[in-house]
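Structural features, examined
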Amino acid sequence: MLVRRWSWLLIETPARAAGFLTAVAILAALLLRLELGQSWNLYAAGTQVTKAGDDYQLLLQNVGSAFQETGGELVVLLGGSTIRELTADDALLSKQLTAWCERDVQFVNLGSSSQSFSESWDIAALVPENRKRLFIVGINPNRLGFDDDSVMTELSHRPSGIPVSFSLLWNVALHTGHVGSSERIISAIARQERLGAKWRLRDVFVAPQPVARKPSEDSLQPDRASYREPVWTHAEKLRQANAYIATRVTDFRNRYRAGVQWYNRFHDRFKGPNSDVKFVVPPTDKTFDKVNELISTDFLNAIRLLGGESRTIDLRNRVRDLDTKDFFDTQHLVAKGREKLHPVFFDAVTRALGCPLRASQ
């Protein structure tokens, strides 16, 4: 009976059965190698050409450069384009944090356009666990306005070419009963090829040698930043705020509790003896105040549910001289705004890292 049942697999003898099991074991080992190594990241190699503004290509190259098995303490900033535009050049922050904290600290901003919750999770899952690390995750009403269905949909939507992690697939299955696709590695590599990566077959099995990112020529206008002056007019910003109210406020109110649950799962997954997780709320332009007025009660409740002040870095109203000329639109900083925010953000990160307090703090 057993022979007849499995004859379509040609498992008709013990030798063939052993061969089949060996093939399965080899395939599983290869998948683990791709998942746990950097073979999936074709943009890690220095032969790949990226330009300022190539959002996803720069993200992939930065991931490949930063996430090495050896190195100092990592500070990883995750989020959407608002977070991408939030900070000065990584090299500047790394140098300043290393000097202030008197230990090797590497800062990397891995924000990207429309980065979803699941992409932030998958990027965090790629960080080598042998390195001490601090994850800082950007939140705003838009990034909290999602639910279980959104996360399940995002498993098959990989615009950045970052593969889905086993830990996310497990959590999705555990909390929703949905079992994600096992084709995550192949689809990630295919996406990178569509982004312009050049590869050879051996690249799938041998991780490309990453090349360290060069500092940007202007530390306040890093190559990942897309927004520059001139900024929008007051009328243009007001139209964007009204559109936000029309399309996103209701979503946030109806779904933020589910979004908070997922971010708390992120916290529980990535916080440990060698790592910490903080959430950061970026500042916004004055024209966004009308949005904040509508959601302030729910948003404050979301922060409370995320752990309150002990887990959250709230940058709103922390820089008194931020004005409308510092924001390209309602949410994205330009170089002037980054310069004003820099000391406040730097102070918050040093505190989160537990670095010695100095007189200026």
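As a reminder, the structure under discussion sits directly above these lines.
Heads up: these notes are all about the structure in this document. None of the values given here were measured: they were computed from a predicted structure. (Residues numbered from 1 in each chain as written. Predicted model: local features only at pLDDT ≥ 70, side-chain atom pairs only at ≥ 80, totals over all residues. Heavy atoms only, no water.)

What follows is about the sheet that holds strand β1 (residues 73-78). Ordered in space as β2-β1-β3-β4-β5, the five strands form an open sheet in which the pairing is parallel. Whereas interior strands pair on both sides, the edge strands pair on one side only; in this sheet they are β2 (105-109) and β5 (312-314). In this sheet, adjacent strand axes meet at a mean angle of 20° when their direction is disregarded. Relative to strand β4 (residues 275-281), strand β3 (residues 133-138) runs parallel, the two being bridged by six bridges. Bridging across to β4, V137 finds its partner in F279. (Pairing = 2+ DSSP bridges. Helix = DSSP H or I, 4+ residues; strand = E, 2+ residues; numbered from the N terminus. Axes fitted to C-alpha atoms, helices over the stretch in contact; angles between N-to-C directions.)

For the rest of this paragraph, the subject is the pattern of salt bridges. Counting across every chain of the model gives 16 salt bridges. Here E85 makes a salt bridge to R84, at a shortest N to O gap of 2.9 Å. Residue classification places E85 among the buried residues on the basis of a relative accessible area of 0%. Given the relative accessible area of 4%, R84 is considered buried. With its nearest N and O atoms 3.2 Å apart, the salt bridge here joins D147 to R255. (Salt bridge = Lys/Arg side-chain N within 4 Å of Asp/Glu carboxyl O. Buried < 20%, exposed > 50% of the residue type's maximum accessible area, 1.4 Å probe, protein only.)

A cis amide bond links E229 to the next residue, P230, at an omega of 5°. For P230, the location among the structural elements is in the loop between α10 (184-194) and α11 (234-247). A positive phi angle is found at E102, which is not glycine, with a value near 60°. Here E102 is to be found in the loop between α5 (90-101) and β2. Among the residues examined, E102 registers a relative accessible area of 64% and is labelled exposed. Even without a glycine there, the phi angle at S114 is positive, about 55°.

Evaluation of the coordinates by the stated rule reveals one disulfide. Disulfide partner of C101: C355, at an S-S distance of 1.9 Å. One disulfide, between C101 and C355, carries an S-S torsion of 90° and so falls in the right-handed class. In this pair, C101 is assigned in helix α5 and C355 in the segment after α14 (335-353), connecting sequence segments 254 residues apart. Assigned by exposure class, C101 and C355 land together as buried. (Disulfide = S-S within 2.5 Å.)

Together, F20, L21 and V24 line one region of the surface with nonpolar side chains, adding up to about 270 Å² of accessible area. Tracing the chain through its elements places F20 in helix α2 (residues 14-36). (Patch = residues over 30% accessible without salt bridge, like charges linked within 9 Å, V, L, I, M, F, W, Y side chains within 5 Å. Areas by Shrake-Rupley, 256 points an atom, 1.4 Å probe, with all protein chains shown as cover.)

This paragraph deals with empty space enclosed by the protein. As enumerated under the stated definition, the model contains four cavities of 30 Å³ or more in all. Counting residues per element, the lining of the largest cavity draws most heavily on helix α13 (residues 289-305), which supplies three residues. Of the residues that constitute the lining of the largest cavity, the class distribution is six nonpolar, four polar and one charged. Size it by volume and the second largest cavity reaches roughly 40 Å³. If you tally residues by element for the lining of the second largest cavity, the top one is helix α3 (residues 55-66), at four residues. (1 Å grid on protein atoms, 1.4 Å probe; cavity = no way out; pocket = protein on both sides within 12 Å on 5 of 7 lines; lining within 4 Å. Points joined across faces, edges and corners; volume = space filled by probe spheres on them. Nonpolar A, V, L, I, M, F, W, Y, C, P; charged D, E, K, R; others polar.)

Before going further, it helps to examine the side chain of Q61. If you trace the backbone, Q61 turns up in helix α3. Owing to a relative accessible area of 7%, Q61 belongs among the buried residues under this scheme. Each residue touching Q61, except ones within four places of it in the same chain, is listed here: Y43, A45, Q48, T50 and R213. (Contact = heavy atoms within 4.5 Å.)

This part covers the packing of aromatic side chains. On inspection of all chains with the given rule, the structure shows 19 aromatic pairs. Ring geometry for F117 and W121: centres 5.9 Å apart, planes at 65°, overall edge-to-face. Pair noted here: F117 and W121 are both in helix α6 (residues 117-125), with a separation of four residues, about one helical turn. You'll find F117 and W121 in the same group, each marked buried. Centre to centre, the rings of W121 and F270 are 5.5 Å apart; their planes meet at 75°, and the pair counts as edge-to-face. Taken as a pair, W121 in helix α6 and F270 in helix α12 (residues 249-270) lie far apart in primary sequence, 149 residues in all. Considered together, W121 and F270 belong to a single accessibility category, that of buried residues. Members of the aromatic cluster, connected to one another through ring pairs, are F117, W121, F135, F146, W262, Y263, F266, F270 and F279. (Phe/Tyr/Trp six-rings, centres within 6.5 Å; stacked < 30°, edge-to-face > 60°.)

Here the focus is the packing of α12 against α13. Direction vectors running N to C along α12 and α13 enclose 15°, while the axes themselves pass 10 Å from each other. In terms of their interaxial angle, α12 and α13 are classed as roughly parallel. Regarding α12 and α13, the two cross each other, and that crossing is right-handed. From α12, V249, F252, R253, Y256, R257, V260 and N264 reach across to α13, where they touch V291, L294, I295, D298, F299, N301, A302 and L305. Residue composition of the contact of α12 with α13, grouped by class: ten nonpolar, two polar and three charged. (Parallel < 35°, antiparallel > 145°, perpendicular 65-115°, else oblique. Left-handed = near helix turned anticlockwise from the far one by under 90°.)

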